[in-house]
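# A look at the structure
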Amino acid sequence: MRKAAAIPLSLLGLGLAGLGYASVIERNAFRLRRFDIPVLARGQRPVRILHLTDLHLTPGRKMLINWVRSLGELKPDLVVNTGDSIAHPDSVAPLMYALEPLLSRPGLFVYGSNDLFAPRPKNPFNYLLRPSSGDFKQKVPNLPTRELGEGMTAGGWLDMNNTTARIKVGDLDVAVAGIHDSHINRDRYDLVAGPAPADADLRLGVMHSPEPRNMTRFAEDGYQLLLAGHTHGGQLCVPFYGALVTNCGIDRARVKGLSHHDSAWLHVSAGLGTSPYSPVRFACYPEASLLTLMPRR
Ligand SMILES: [Fe+2]
């Protein structure tokens, strides 16, 4: 009888230890990943892009706030924030504190669904069962999206939701097109559609969710580098196997890191946070990425 009871108790203990590791240790083990991307014309000087995404910030996440502040030391040529920055009505001020050392750098951003709609309690394992796009039933945003945008644009960052722009990055003249979040049907690619400016040194496409139908249009229009977040890298992964889900239309193999979409380079960041109601990451460290754009070989 004692032996029979020991097995379920051992499994319970293992489960609790795993949960503790995923929620306390790995969720706060932030990493900076570095990638070289040979996307520039020969002779151009390399530039460095810091790609941030999916902070899902709540005011109490001091370790995350301080880690993001420390990224200011990198002095990137451009900061790109691909959304889901906040997860609480009082998160804008802590987010601005976290971003403060970076806001003086050139930067741009798009929104994710969580910049508009506050997260709600749910079964964390739903993440593994189905895309979360059906979770956003409310139509009226209940997070301070306007204050969030004003905070980031006050320092000079560009709001790239369904719009285009030209921006100086290092020595480069960069043409940018961005779209709002396809996960909640706010993407309007038609507003940015058309051939990307041929005279730009780099053509950059930014979006929250790496939805293939949009990435194909970016690539067809001549955008050379696409940046996205949203997937959380799968968030709960299996060691030596990887992500179980991507939470959007992209395949598992490209759930995070550097890859291609048609003719374009694609970087998907696994991001830095989680929903406060699914506060676990396993075999999928929270991350930001420093992308060094190099001349083509
Ligand atoms: Fe997210």
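In this text, all values refer to a predicted model and were calculated from it rather than measured experimentally.

### Topic: the overall build of the protein
Per the secondary structure count, the protein includes six helices and 14 strands. Along the three orthogonal principal directions, the C-alpha set of the protein runs to about 75 × 40 × 35 Å. In the protein, buried positions account for 55% of the 297 residues. When the accessible surface of the protein is split by element, carbon and sulfur atoms take 58% of a total near 13100 Å². For the protein, the distance from the average position of its 33 positive side-chain charges to the average position of its 26 negative side-chain charges is 7 Å.

### Some thoughts on the coordination of the iron ion
At the metal site, the iron ion is ligated by Asp-54 (OD), His-56 (NE2), Asp-84 (OD) and His-232 (NE2), and these contacts range over 2.0 to 2.3 Å. Every donor counted, the four donor atoms about the iron ion form angles of 90 to 172 degrees at the centre, which fits irregular coordination. When the donors of the iron ion are listed by position in the chain, the intervening gaps give D-x1-H-x27-D-x147-H. One end of the pair, Asp-54, is in the loop between strand E2 (47-52) and helix H2 (62-70); the other, His-232, is in the loop between strand E9 (225-228) and strand E10 (237-238), and 178 residues separate them in sequence.

### Side note on the sheet that holds strand E6 (residues 163-169)
If you trace the six strands from one edge of the open sheet to the other, you get E6-E7-E8-E9-E13-E12, paired in mixed fashion. The open sheet has two edge strands with one neighbour each: E6 and strand E12 (257-261). The average undirected angle you get between the axes of adjacent strands in this sheet is 25 degrees. Summarising the sheet, E9 and strand E13 (residues 264-268) pair through four bridges and their orientation is parallel. Paired with Leu-226 across the strands is Leu-266, a residue of E13. Where helix H6 (residues 212-220) meets the sheet, it contacts strand E7 (172-178), strand E8 (202-206), E9, E12 and E13, and its direction lies at approximately 70 degrees from that of E12.

Reading the values: the criteria
- Residues numbered from 1 in each chain as written.
- Predicted model: local features only at pLDDT ≥ 70, side-chain atom pairs only at ≥ 80, totals over all residues.
- Heavy atoms only, no water.
- Helix = DSSP H or I, 4+ residues; strand = E, 2+ residues; numbered from the N terminus.
- Buried < 20%, exposed > 50% of the residue type's maximum accessible area, 1.4 Å probe, protein only.
- Areas by Shrake-Rupley, 256 points an atom, 1.4 Å probe, with all protein chains shown as cover.
- Lys, Arg positive; Asp, Glu negative; His and termini not counted.
- Charge placed at Lys NZ, Arg CZ, Asp CG, Glu CD.
- Donors = N, O, S within 2.8 Å, 3.2 Å for Na, K, Ca; no water.
- Tetrahedral: all angles 85-135°; square planar, octahedral: opposite > 155°, others 65-115°.
- Pairing = 2+ DSSP bridges.
- Axes fitted to C-alpha atoms, helices over the stretch in contact; angles between N-to-C directions.
- Contact = heavy atoms within 4.5 Å.

None of the figures reported here should be taken as evidence of function without further support.
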